[in-house]
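# Coordinate analysis (summary)
Each chain, written out:
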Amino acid sequence: MSISVNTKEAQLFIGGKWVESSSGHTFEVINPASGEAFATVPDANSEDVERAVKSAQKAFESRRWHSIPPLERGRVLRKVAELIRKHQQELAQIMTRENGMPINMATFVEIPMAADCFDFFASLVVQPQGEVVPFSLSAPSEHLAWTMREPIGIAGLITPWNFPLLMPAWKIAPALAAGCPSILKPAPETPLTALKLAELCKEAGVPDGMLHILTGKDEAGKTIVSHPDIPKIAFTGETTTGKHILQSAAENIKRVTLELGGKSPNIIFEDADLDEAARSALFGIFYNSGQVCQAGSRILVHESVYDEFLEKLVARAKKLTVGPGTEMKNNLGPVISKEQYEKILNYIEIGKCEGATLLCGGNVPEEQKEGYFIEPTVFSDVSSSMRIAREEIFGPVVGVIPFKDDDEAVQIANDTIYGLAAAVWTRDIKRGLRMAQRVKSGTLWLNTYQVLSPTMPFGGYKQSGIGRESGIQALHNFLETKSVIADLNERTITLF
């Protein structure tokens, strides 16, 4: 089977083959730009998870992947990256149709980042992960001690709909680099991109059984998390769901990494370049229609430049165009679903009722009555106690909050259950570095926003998650550390 934008009916990917679900149940994939279904995919159940687990166990125990020399394994991952770039246009069309994101964003941002991810982890395949360790005992003895890093085993991967290619790449690439077979359950809203990635991985030479894609809803995900033969879970998504996963995984003491929600502060000081800060803040919140975990949804502005900054921000926001992602002119596509659409519109009403001032947006564009489109929305006169300043909206809505000095900026920035990302805008580098130490976030940008690299770890403090994606830390998520100690004199310590 070949996955394309015209795919009407898809299958599961188990053991390197395209197969039907055990139950025969399916669900529809909805185009958020029209609200209409355009494809049907299997709704995997517990039996399908069991089939994938058995296939993954067989691949892991046979060492199919490990029998390939490290340099060649690296070449396979680089081939995946090459094929992602080769199929850039096709992938972009699939992503735009099922996710709604502007096709320019899919083509020139997400797809290159996903390819870079595979390239980066390809480079780590040949890097030694263990180390020789100085060893000493109180009694004289000659010992050699070292550590080994070994793959954990089968990895259960659960990814969200907002970045349907990058999020799977962030998990599949390090899992393969570590030697772990994977079972991926993509979000039900965006399954086709993940299936296309499986097709490219197979073409690149990833052995059968090392990657499985189970499209589905609740049953498949719950079974993956609770399955006793899946020792590793990597999840990206909403914080409440992450808590449930952590509780379920505790039953079998699974290794868990969670990349969860955020309510990220974007802090603008009085000495900042306000034009550049406003431009970047716009990108920070309205990129992918605000459906980004690290979106700068709280803009904190020094009171002395508050009005000036607002004027610049609103003027730019009003120039943004909203419409189908297939049209190159549009800056914002639709939000992902009717449920998300209604949730965001409700938050806009909550903001008004709480006393925030709606400066622009807040409505459905007049020319976009079909699909799930919402105008870029800016609120001023926002306080930290308001729900729109505390809860993750996950849409094109931003609240602008004034502050009077560094201490108050830090207090407001940290007054949240989240700690995923933050930004500081100032020409005073010392002030910027002090703020970097004081703001509790896994990533802090200085005079920029939304800049990511596969070489840099990404994750959050507090309820924004556990562990890190990207960077060498992501590889270590899929490895266990073993200590080996040898007595070179063939002696043992005798206590009796």
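A brief report on the enclosed structure follows. (Residues numbered from 1 in each chain as written. Predicted model: local features only at pLDDT ≥ 70, side-chain atom pairs only at ≥ 80, totals over all residues. Heavy atoms only, no water.)

## Some details on the nonpolar core
Ranked by size, the top nonpolar core spans 113 residues in total, and within it I84, F118 and F309 carry the most contacts. Counting residues per element, this core draws most heavily on helix 4 (residues 103-125), which supplies 13 residues. Here F309 is in contact with I268, L274, A277, A278, A281, I299 and V301, once residues within four sequence places are set aside. The next biggest cluster of nonpolar side chains, apart from the first, holds 29 residues, and it includes V335, Y372, M386 and I401. (Core = buried A, V, L, I, M, F, W, Y, C linked by side-chain atoms within 4.5 Å. Buried < 20%, exposed > 50% of the residue type's maximum accessible area, 1.4 Å probe, protein only. Helix = DSSP H or I, 4+ residues; strand = E, 2+ residues; numbered from the N terminus. Contact = heavy atoms within 4.5 Å.)

## Observations regarding helix 10 (residues 306-317)
Given a rise of 1.5 Å per residue, twelve residues ought to cover 16 Å, and the 16 Å separating the end C-alpha atoms of helix 10 matches this to within 8%. Along helix 10, the positions that sit buried rather than exposed are Y306, F309, L310, L313, V314 and A317. An end-on view of helix 10 places all buried positions within 125 degrees of arc, on one side of the element. Opposite its buried face, helix 10 presents the exposed residues D307 and E311, each directed more than 90 degrees away. In the core, the buried residues of helix 10 are packed alongside strand 12 (265-268), helix 9 (274-286), strand 13 (298-302), strand 14 (357-360), strand 15 (377-380) and strand 16 (397-403). (Expected span 1.5 Å × (residues − 1). Arc of directions from axis to C-beta.)

## As for the pattern of salt bridges
Pairing between side chains of opposite charge can happen when the charged atoms of each approach one another. Applying the stated criterion to the full structure yields 21 salt bridges. Between K404 and E408 there is a salt bridge whose closest N-O contact spans 3.7 Å. One network of salt bridges, in which partners are shared, links E270, D271, D406 and R431. (Salt bridge = Lys/Arg side-chain N within 4 Å of Asp/Glu carboxyl O.)

## Observations concerning the sheet that holds strand 14
In spatial order, the strands read 14-15-16-13-12-18-19; together these seven strands make up an open sheet with mixed pairing. Strand pairing shows two members of the sheet lacking a second neighbour, strand 14 and strand 19 (443-446), which therefore form its edges. Averaged over all pairs of adjacent strands, the angle between strand axes in this sheet comes to 25 degrees, irrespective of strand direction. Summarising the sheet, strand 15 and strand 16 pair through three bridges and their orientation is parallel. Among the inter-strand pairings, T377 is bridged to a residue of strand 16, identified as V397. Set on the sheet, helix 14 (residues 429-438) makes contact with strand 12, strand 18 (421-425) and strand 19; between it and strand 19 the angle comes to about 170 degrees. (Pairing = 2+ DSSP bridges. Axes fitted to C-alpha atoms, helices over the stretch in contact; angles between N-to-C directions.)

## Side note on unusual backbone geometry
In this model, R63 sits at a positive phi of 55 degrees, which is unusual for a non-glycine residue. Within the fold, R63 resides in the loop between helix 1 (46-62) and helix 2 (70-86). Of note, the phi angle at S470 is positive, near 65 degrees, even though the residue is not glycine. Take S470: it is sitting in the loop between strand 21 (465-466) and helix 15 (471-476).

## Quick notes on empty space enclosed by the protein
Under the criterion given, the structure shown has three cavities of 30 Å³ or more. By volume, the largest cavity amounts to about 80 Å³. Lining the largest cavity are 13 residues, with G290, A295, S297, I393 and F394 sitting closest to its centre. If you add up the space inside the second largest cavity, you get close to 60 Å³. Forming the boundary of the second largest cavity are 15 residues, of which P265, T416, Y418, G419 and K440 lie nearest the centre. For the lining of the second largest cavity, the secondary-structure elements that each account for two or more residues are helix 13 (406-414) and strand 17 (418-419). Looking at the lining of the second largest cavity residue by residue, the class counts come to six nonpolar, five polar and four charged. (1 Å grid on protein atoms, 1.4 Å probe; cavity = no way out; pocket = protein on both sides within 12 Å on 5 of 7 lines; lining within 4 Å. Points joined across faces, edges and corners; volume = space filled by probe spheres on them. Nonpolar A, V, L, I, M, F, W, Y, C, P; charged D, E, K, R; others polar.)

## Some points on the packing of helix 13 against helix 14
At their nearest, the axes of helix 13 and helix 14 sit 11 Å apart, and the two run at 35 degrees to each other. In this structure, the crossing between helix 13 and helix 14 has a hand that is right-handed. Along the contact surface, helix 13 presents D406, D407, A409, V410 and N414, while helix 14 presents R431, R434, M435 and R438. For the contact of helix 13 with helix 14, the residue count by class is three nonpolar, one polar and five charged. (Left-handed = near helix turned anticlockwise from the far one by under 90°.)

## A word on the packing of aromatic side chains
Here the structure, examined in full by the defined rule, presents nine aromatic pairs. With a centroid separation of 5.6 Å and an interplanar angle of 55 degrees, the aromatic rings of W170 and F458 are classed as tilted. One end of the pair, W170, is in helix 5 (residues 166-178); the other, F458, is in the loop between strand 19 and strand 20 (461-462), and 288 residues separate them in sequence. With a relative accessible area of 5%, W170 lands in the buried category. With 5.8 Å between their ring centres and 50 degrees between their planes, Y341 and Y372 make a pair best called tilted. Here the residue Y341 occupies a position in helix 11 (residues 338-354), and Y372 occupies one in the loop between strand 14 and strand 15, the gap between them amounting to 31 residues. By the burial criterion, Y341 is buried, and Y372 matches it. (Phe/Tyr/Trp six-rings, centres within 6.5 Å; stacked < 30°, edge-to-face > 60°.)

## Digging into the packing of helix 3 (residues 88-99) against helix 4
Contact pair helix 3 / helix 4: the axes reach a minimum separation of 9 Å and the direction vectors enclose 120 degrees. Judged on the interaxial angle alone, helix 4 and helix 3 are oblique. Helix-helix and strand crossings are classified by hand; for helix 3 and helix 4 the assignment is right-handed. Here helix 3 contributes Q88, Q89, L91, A92, Q93, M95 and T96 to the contact with helix 4, which in turn contributes I103, A106, T107, E110, I111 and P112. Class assignment for the residues of the contact of helix 3 with helix 4 results in seven nonpolar, five polar and one charged. (Parallel < 35°, antiparallel > 145°, perpendicular 65-115°, else oblique.)

## Concerning the pairing of strand 6 (residues 143-151)
The pairing of strand 5 (residues 131-132) with strand 6 spans two bridges and is classified as antiparallel. Within the sheet, the bridge partner assigned to V132 lies in strand 6 and is W146. With nine bridges joining them, strand 6 and strand 22 (residues 479-487) adopt antiparallel strand pairing. Within the sheet, the bridge partner assigned to M148 lies in strand 22 and is K482.

## Remarks on the side chain of N45
Its location among the elements puts N45 in the loop between strand 4 (36-42) and helix 1. Its relative accessible area of 13% is what places N45 among the buried residues. The contact partners of N45, leaving out residues within four places of it in the chain, are S22, S23 and E219.

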